[in-house]
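Breakdown of the fold
What follows is each chain in one-letter form.
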Amino acid sequence: NVYTSGAVHSSAQINMLSVASETEGRAGLESLAALLVAMEANRYVLTLASNWSRLMNELRKNIVDPRCGDCTSMVDLRP
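Cut-offs and rules
Residues numbered from 1 in each chain as written. Predicted model: local features only at pLDDT ≥ 70, side-chain atom pairs only at ≥ 80, totals over all residues. Heavy atoms only, no water. Buried < 20%, exposed > 50% of the residue type's maximum accessible area, 1.4 Å probe, protein only. Helix = DSSP H or I, 4+ residues; strand = E, 2+ residues; numbered from the N terminus. Pairing = 2+ DSSP bridges. Right-handed = clockwise from strand over helix to strand, strands pointing away. Contact = heavy atoms within 4.5 Å. Disulfide = S-S within 2.5 Å. pLDDT = per-residue confidence, 0-100. Axes fitted to C-alpha atoms, helices over the stretch in contact; angles between N-to-C directions. Parallel < 35°, antiparallel > 145°, perpendicular 65-115°, else oblique. Left-handed = near helix turned anticlockwise from the far one by under 90°. Nonpolar A, V, L, I, M, F, W, Y, C, P; charged D, E, K, R; others polar.

Examining the pairing of strand β1 (residues 43-46)
When a strand is regular, its side chains alternate between the sheet's two faces. Of the two faces of β1, only one is covered, namely that formed by Y44 and L46; the face formed by R43 and V45 stays uncovered. Bridge analysis of β1 against strand β2 (residues 73-76) gives four bridges, and the strand direction is parallel. Following the sheet pairing, Y44 is matched in β2 by M74. Crossover connection from β1 via helix α3 (residues 51-68) to parallel β2: handedness right-handed.

Here you go:
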């Protein structure tokens, strides 16, 4: 299964404060929900150039793996 989330914005320059205001906080709530769903996975495809991916990888290594006996794996898409 592939899960994606978040608001779609046409501009590359995203002001997160305006996104939070426009969505009345829903974008943040959806992001946290997506993070919780992602922590259920065993395999991750991430790019560690992304802060969000680094957060997911640290949670995977320090929270999920110790609880499941190192049951997860990760592929980094950085060149």
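Next comes the rest of the write-up.
Let's talk about the side chain of S53
Structurally, S53 is set in helix α3. Excluding its chain neighbours within four sequence positions, the residues that come into contact with S53 are L46, T47 and L48.

Remarks on the environment of K61
Within the fold, K61 resides in helix α3. For the pair formed by K61 and T72, sequence separation is 11 residues and the distance between their alpha carbons is 8.2 Å.

Some points on the state of the cysteines
Tallying each qualifying case throughout the model produces one disulfide. The residue that forms a disulfide with C68 is C71, at a sulfur-sulfur distance of 2.0 Å. Where C68 bonds to C71 through sulfur, the torsion about that S-S bond is close to -95°, and the disulfide is left-handed. The partly exposed category is assigned to C71, whose relative accessible area is 35%.

As for unusual backbone geometry
A positive phi angle is found at E24, which is not glycine, with a value near 55°. Among the secondary structure elements, E24 is positioned in the loop between α1 (16-22) and α2 (26-38). One non-glycine residue, D70, lies in the positive phi region at around 55°.

So, the confidence of the model for the protein
Parts of the model with low pLDDT should not have their predicted coordinates read in detail. In this model, the protein carries an average pLDDT of 84, and 82% of its residues clear a pLDDT of 70 or more. In the model of the protein, α1 stands out as the element of lowest mean pLDDT, 78, in contrast to β2, which has the highest, 95.

Thoughts on the packing of α2 against α3
For the pair α2 and α3, interaxial distance at closest approach is 11 Å and the crossing angle is 40°. The orientation of α2 with respect to α3, classified from their angle, is oblique. Handedness of the α2/α3 crossing: right-handed. When α2 is examined against α3, the residues S31, L35 and A38 are found in contact with a partner set consisting of W52, L55, M56 and L59. Across the contact of α2 with α3, the residue classes break down as six nonpolar, one polar and no charged.

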